[in-house]
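Coordinate analysis (summary)
Residues per chain are reported as follows:
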Amino acid sequence: QVQLVESGGGLVQPGGSLRLSCAASRSIFTIIAMGWYRQAPGKQRELVATIAVSSSTNYADSVKGRFTISRDNAKNTVYLQMDSLKPDDTAVYYCLCRTAPGDYWGKGTLVTVSS
C-alpha cells in the first residue's frame, strides 16, 4: 500500500507558474513509475507526465517544454513544475504511483488558470 498526498494547487494567472508536490508514504526508490494525470470538467482523465525508476520521463504533447517532472527519492516526493500556464491547463491534478501489484492514486489538487 502507498498513500499519496498532493499539494501546491491554486489559482494562477495565464503565463504564471506553479509547482505541485506528491508525497508518498513509503520509499519511491523501487516503485516502477510515478506520474501526474489531470481531469478537466467534463473531460476524461489524461496523462500529463511520468517518471520511471530509471528517471526517464514522458510528457503529453500539450505540456512539453512547459512542464517538468522530477523526483526526490530521499523525500519520497515527486514534483511537477508548471510554467507558462494556460487556461486549458485548468484541471484537478492527480498523482499516480505505479507498482507491480497495481496503481495508487492521490485525491487530487485543483489548478485554476484564469485572469
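Data block above holds the structure.
Here's a quick rundown of the structure. Predicted model, so just to flag it, every value in this text is computed and none were measured.

As for the pattern of salt bridges
- Enumeration according to the criterion identifies 5 salt bridges in this entry.
- With its nearest N and O atoms 2.8 Å apart, the salt bridge here joins arginine 38 to glutamate 46.
- Glutamate 46 sits in the partly exposed class, given a relative accessible area of 37%.
- One salt bridge in this structure joins lysine 64 and aspartate 61, with 3.1 Å as the shortest N-O distance. Here the two residues lysine 64 and aspartate 61 agree in accessibility, since each one is exposed.
- When salt bridges with common partners are traced through the structure, they connect Arg38, Glu46, Arg66 and Asp89 into a single cluster.

Quick notes on the side chain of glutamate 6
- Tracing the backbone through its elements, the reader meets glutamate 6 in strand E1 (residues 4–7).
- There is no salt bridge for the buried glutamate 6, and the closest opposite charge comes from arginine 45, which lies 7.6 Å off by N-O distance.
- Polar side-chain contacts of glutamate 6 include one of 3.1 Å to the backbone nitrogen of lysine 107.
- Setting aside anything within four residues of it in sequence, one finds glutamate 6 in contact with Ser21, Cys22, Trp36, Tyr93, Tyr94, Cys95, Gly106, Lys107, Gly108 and Thr109.

About the thresholds
Residues numbered from 1 in each chain as written. Predicted model: local features only at pLDDT ≥ 70, side-chain atom pairs only at ≥ 80, totals over all residues. Heavy atoms only, no water. Salt bridge = Lys/Arg side-chain N within 4 Å of Asp/Glu carboxyl O. Buried < 20%, exposed > 50% of the residue type's maximum accessible area, 1.4 Å probe, protein only. Helix = DSSP H or I, 4+ residues; strand = E, 2+ residues; numbered from the N terminus. Lys, Arg positive; Asp, Glu negative; His and termini not counted. Polar contact = N/O pair within 3.5 Å; in protein donor to acceptor, adjacent residues only side chain to side chain. Contact = heavy atoms within 4.5 Å.

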